[in-house]
Amino acid sequence: MEKVKVTIMNKQRAIKIPTGIRMLIRRACTAVLAEEGFLEPAEVDVSFVDDKQIKELNAEFRNIDASTDVLSFPLGEDGVYDENPATKAKLLGDVIISVEHAVRQAEEYGHSFQREMAFLTVHSMLHLLGYDHVGSQKDSEIMREKEESVLIKMGLSREVTFTE
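Residues numbered from 1 in each chain as written. Predicted model: local features only at pLDDT ≥ 70, side-chain atom pairs only at ≥ 80, totals over all residues. Heavy atoms only, no water.

## Observations concerning the pattern of salt bridges
A full pass over the atoms with the stated rule returns nine salt bridges. In this structure, the salt-bridge partner of Glu-36 is Lys-146, at a minimum N-O distance of 3.1 Å. Pair noted here: Glu-36 is in the loop between α1 (21–35) and β2 (42–49) and Lys-146 is in helix α5 (residues 137–153), with a separation of 110 residues, a long-range link. Since its relative accessible area comes to 23%, Lys-146 is described here as partly exposed. Where Glu-147 meets Arg-144, a salt bridge forms, and the shortest distance between an N and an O atom there is 3.0 Å. A residue pair is termed a helical-turn pair when its members lie 3 or 4 positions apart in one helix, as Glu-147 and Arg-144 do in helix α5 at three residues. Connected through salt bridges with shared partners, the residues Glu-40, Glu-83 and Lys-90 form a single ionic network. (Salt bridge = Lys/Arg side-chain N within 4 Å of Asp/Glu carboxyl O. Helix = DSSP H or I, 4+ residues; strand = E, 2+ residues; numbered from the N terminus. Buried < 20%, exposed > 50% of the residue type's maximum accessible area, 1.4 Å probe, protein only.)

What follows is the structure, encoded as structure tokens:
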């Protein structure tokens, strides 16, 4: 697989980002592309935000006045992506993660913050590649299987990461 450039910006102050999370996010992006056989160079932007920021984005872009865990803004459609003229890398899009939401969901689901952040990244990367889980039970199941497959390959299976 070609090089994947993942730019990560922390735009929130509510939660301190633990050491290793940025590397985990990069690994998750790369793992999805490898799983999907995406062989071209690619670029992805990931932003960490708080609940207030993601609520504003959700209202603006989806007309949903509520916070959410992650938003995906794909730059391609049907496998066709814009290219960075300087690098010829495919511009996949933006991933926006509410760190506050991730902390709550990790606790709610009984697994690590690291697994939750990796899951949200994998989930969003699949959206950037054209997958969707809304509107079809079958599409939802396909996406869930792909998410778990990537997480298992990353060593973040449910069995390993659930707290006792």
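That shown, we press on.
## Quick look at the packing of helix α4 (residues 113–128) against α5
For the pair α4 and α5, the least separation of the axes is 10 Å and the interaxial angle reads 130°. With respect to α5, the element α4 is oriented oblique. Of the two possible hands of crossing, α4 and α5 adopt the one that is right-handed. Between α4, through Arg-115, Ala-118, Phe-119, Val-122, His-123, Leu-126 and His-127, and α5, the contact on the second element is made entirely by Met-143, Arg-144, Lys-146, Glu-147, Glu-148, Val-150 and Leu-151. When the residues that make up the contact of α4 with α5 are grouped by side-chain class, the tally is seven nonpolar, two polar and five charged. (Axes fitted to C-alpha atoms, helices over the stretch in contact; angles between N-to-C directions. Parallel < 35°, antiparallel > 145°, perpendicular 65-115°, else oblique. Left-handed = near helix turned anticlockwise from the far one by under 90°. Contact = heavy atoms within 4.5 Å. Nonpolar A, V, L, I, M, F, W, Y, C, P; charged D, E, K, R; others polar.)

## Considerations on the environment of Tyr-81
In this fold, Tyr-81 is placed in the loop between β3 (70–74) and β4 (90–98). The exposure class assigned to Tyr-81 is buried, which follows from its relative accessible area of 11%. In the structure, Tyr-81 is positioned eleven residues away from Leu-92 in sequence and 6.6 Å away in space, judged by C-alpha atoms. Only 3.2 Å separates the side chain of Tyr-81 from the backbone oxygen of Leu-128, close enough to count as a polar contact. (Polar contact = N/O pair within 3.5 Å; in protein donor to acceptor, adjacent residues only side chain to side chain.)

## As for the side chain of Thr-121
Relative to the elements of secondary structure, Thr-121 occurs in helix α4. Residue classification places Thr-121 among the buried positions, given a relative accessible area of 0%. The residues contacting Thr-121, other than those within four sequence positions of it, are Ile-25, Ala-28, Cys-29 and Ile-97.

## A few points about the packing of aromatic side chains
In the structure shown here, the tally under the stated rule is two aromatic pairs. Plain terms: the ring middles of Phe-61 and Phe-73 are 5.1 Å apart, the flat faces sit at 70° to each other, and that makes the pair edge-to-face. Here the residue Phe-61 occupies a position in helix α2 (residues 51–62), and Phe-73 occupies one in strand β3, the gap between them amounting to twelve residues. Of the residues examined, Phe-61 reaches a relative accessible area of 48% and is grouped as partly exposed. (Phe/Tyr/Trp six-rings, centres within 6.5 Å; stacked < 30°, edge-to-face > 60°.)

## Looking at the sheet that holds strand β1 (residues 4–10)
Ordered in space as β1-β2-β4-β3, the four strands form an open sheet in which the pairing is mixed. Here the strands that pair on one side only, and so sit at the sheet edges, are β1 and β3. Within this sheet the neighbouring strands show an average axis-to-axis angle of 15°, counted without direction. Taken together, the five bridges between β3 and β4 define a ladder with antiparallel strand orientation. Each bridged residue has a counterpart across the sheet, and for Ser-72 the counterpart in β4 is Val-95. (Pairing = 2+ DSSP bridges.)

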